[in-house]
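Fold and contact review
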Amino acid sequence: MELETLRFGTELLKRGFASMQKGGVIMDVTTPEQAVVAEQAGAVAVMALHAVPADIRKMGGVARMADPLVVGQIIDAVTIPVMAKARIGHFVEAQILEAIGVDMVDESEVLTPADEFHIDKARFTIPFVCGARDLGEALRRIAEGAAMIRTKGEAGTGDVSQAVRHMKMIMGQIRRLKGMNGEELARVAREIEADPALVAECARRQRLPVVNFAAGGVATPADAALMMHLGADGVFVGSGIFKSENPPAMAAAIVEAVHNYDDPQVLARVSRGLGQAMKGIDVSTIPEAEALQSRGW
Amino acid sequence: MVAFQGDVSEHVSAAEQIFGKGAVSEIRSAEDVSTCQGLILPGGESTTIGRLLAQRGVAAAIVEAVGRGVPLLATCAGLVLVSRGVDQGDVVPLGLMDITVNRNAFGSQRESFEACLEVKGFDRPYRAVFIRAPVIDRCGPCVEVLAMFEGRTVAAREGPVLALAFHPELTEDLRFHRLFREMVEAI
């Protein structure tokens, strides 16, 4: 046993942090007040950003990292972990977020990408979460150092269909690896442009090597429970809470729904009388060029 | 295994290596607690787990079971929950151990670390994984301190409760799980 004293930012610490979020709900917040609402509703963590995805869509323009002043205020307002979004490839935004004391960075397609390549996440002390639509994309992000994967879905729409599609895609691709021999696994790795060792690990463990959350369009307790049924380890909720009529009630109900996703009686009770969910946009009406999920590769 | 939120599956697989497959079950209700010979409170978010324990009546069932002498292994968030008092946040602890704790005593995830500890009763150092870890800042007279890190208590035992600020379920070294098995077998 090595007797060196201290080590920070190891893979074990990064993935371990992500594991502690399992079975939980991580909520998008833009102010310290919203962060307190999320914490009191039972969120395991909050995601700090300057506007929720639905507003980012509406506003247009370039979406960037949130103001460090506000991120700092959010960190001070709650005792649960605080995550924040950086643009794809924008490692300096990620460095700034790390310097502020953020617990995890979301390298997110919701913000305007800064590069066609993603951040070299292994160089950071704090862990990263990244979006993925399929197994190849998930394993490319893990190879770059992502400690957590989430479905991309289609953020800011309140339409869960894309998150469902991405989760089923990843789970199905992993299932199909079962029983393949080394040569077949190598072929798959080549086809999906992923590290062969990671593909082999997925085949053996029948899951991603890191925690896999659902995100992108989750707007109701039923949506959250649906994603848990499909194999999500937990749920990110973006616009779904603070774009609804009664955010504290919606937030608490989604937390309950994740903990009781397989109990329709509880789901019926917590879904009652929550007021209007976010209005949302049917994904099929969004022009291809405006889809956030096609950002990144 | 209390299975509301946190790294439940890691804890289950570590416990299965020590107790055998089929010997470990997941607790989601008060009734589940009454059939167990040992209890584990995993890591996760102490506010979230604490709230769920109270809502489902599992908190009272655990207090009752530990009162009967059923051993309890509490890690990280679990350590916060077995204490008598917490410095910050709206965690309602179960008061199973005469300790008070500092939550997130080392800071944010950037300050999370791995370190080697000298543990009372272990013949060689133990490599511990601290993730936004708490520390015990006050121990009552009946609490036995098992390990310190930089002068702060990170592992302790009082009667049937074994509380750790770090995550024994995330590494291959299962000596703390073996110690817990000895506690279960001694009953």
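In this report, we go over the structure that sits alongside the text. All values derive from a computational prediction rather than experimental measurement.

Points about the environment of Met169(A)
All names here are of chain A.
- Following the sequence through the fold, Met 169 ends up in helix α7 (residues 161-176).
- What makes Met 169 partly exposed here is its relative accessible area of 38%.
- In sequence terms Met 169 and Thr 151 are 18 residues apart; their C-alpha atoms lie 9.9 Å from each other.

What about the sheet that holds strand β3 (residues 45-48) of chain A?
Residues and elements named next belong to chain A.
- Within the open sheet, the 8 strands sit side by side as β8-β7-β6-β5-β4-β3-β2-β9. Their pairing is parallel. Since the sheet does not close on itself, it has two edges, and those belong to β8 (211-213) and β9 (235-237), each with one partner. In this sheet, neighbouring strand axes are inclined to one another by 30° on average, regardless of whether the strands run parallel or antiparallel.
- Against the sheet, helix α4 (residues 68-77) touches β2 (25-29), β3 and β4 (82-87), its axis set at about 170° to β3.
- Contacts between α7 and the sheet are confined to β6 (128-132), β7 (148-151) and β8, with β8 contributing the most and set at about 150° to the helix.

Topic: the pattern of salt bridges
- Scanning the model with the defined rule gives 32 salt bridges over all chains in all.
- With a closest N to O distance of 3.0 Å, Arg133(A) and Glu137(A) form a salt bridge.
- On the accessibility criterion, Arg133(A) (22% relative accessible area) is partly exposed.
- Linking Arg28(B) and Glu26(B) is a salt bridge whose minimum nitrogen-to-oxygen distance equals 3.0 Å.
- On the basis of relative accessibility, which here comes to 46%, the residue Arg28(B) falls in the partly exposed class.
- With relative accessibility at 36%, the residue Glu26(B) sits in the partly exposed group.

Details of the nonpolar core
- If you look at the biggest cluster of nonpolar residues, it comprises 68 residues, and the most contacted ones within it are Leu39(B), Leu53(B), Ile62(B), Phe130(B) and Phe166(B).
- The biggest single contributor to this core is helix α4 (residues 58-67) of chain B, with 6 residues.
- Setting aside anything within four residues of it in sequence, one finds Leu39(B) in contact with Ile27(B), Val33(B), Ile62(B), Ala65(B), Val66(B), Val70(B), Pro71(B), Leu72(B), Leu73(B) and Phe180(B).
- Core analysis: the next-biggest nonpolar cluster, separate from the first, contains 49 residues, Ile80(A), Ala224(A), Ala253(A) and Val266(A) among them.

Side note on α4(B)
Residues and elements named next belong to chain B.
- Along α4, the positions that sit buried rather than exposed are Val 58, Ala 59, Ala 61, Ile 62, Ala 65 and Val 66. The buried side chains of α4 occupy one side of the element, clustering within an arc of 160° when seen end-on. Summarising the geometry of α4, the exposed residues directed more than 90 degrees from the buried face are Ala 60 and Gly 67.
- Close packing links the buried residues of α4 with α2 (30-34), β1 (39-41), α3 (46-55), β2 (72-75) and β10 (161-164).
- Positive backbone phi, approximately 100°, marks Gly 69, located one or two places after α4.

With respect to a nonpolar patch on the surface
- Among the surface-exposed residues, Phe91(A), Val92(A) and Ile96(A) lie close enough to one another that they form a single nonpolar patch of about 240 Å² accessible area.
- Here Ile96(A) shows up in helix α5 (residues 91-100).

As for the packing of aromatic side chains
All names here are of chain B.
- Throughout the structure, instances matching the rule amount to 17 aromatic pairs over all chains.
- Consider the rings of Phe 106 and Phe 113, whose centres lie 5.0 Å apart with planes at 80°: the pair is edge-to-face. Accessibility classification places Phe 106 together with Phe 113 in one group, the buried group.
- Judged by centre distance (4.8 Å) and plane angle (90°), the rings of Tyr 126 and Phe 176 are edge-to-face. With Tyr 126 in strand β6 (residues 126-130) and Phe 176 in helix α6 (residues 175-185), this residue pair connects regions lying 50 residues apart in the sequence.

Parameters at a glance
Residues numbered from 1 in each chain as written. Chains lettered and ligands numbered in written order. Predicted model: local features only at pLDDT ≥ 70, side-chain atom pairs only at ≥ 80, totals over all residues. Heavy atoms only, no water. Helix = DSSP H or I, 4+ residues; strand = E, 2+ residues; numbered from the N terminus. Buried < 20%, exposed > 50% of the residue type's maximum accessible area, 1.4 Å probe, protein only. Pairing = 2+ DSSP bridges. Axes fitted to C-alpha atoms, helices over the stretch in contact; angles between N-to-C directions. Contact = heavy atoms within 4.5 Å. Salt bridge = Lys/Arg side-chain N within 4 Å of Asp/Glu carboxyl O. Core = buried A, V, L, I, M, F, W, Y, C linked by side-chain atoms within 4.5 Å. Arc of directions from axis to C-beta. Patch = residues over 30% accessible without salt bridge, like charges linked within 9 Å, V, L, I, M, F, W, Y side chains within 5 Å. Areas by Shrake-Rupley, 256 points an atom, 1.4 Å probe, with all protein chains shown as cover. Phe/Tyr/Trp six-rings, centres within 6.5 Å; stacked < 30°, edge-to-face > 60°.

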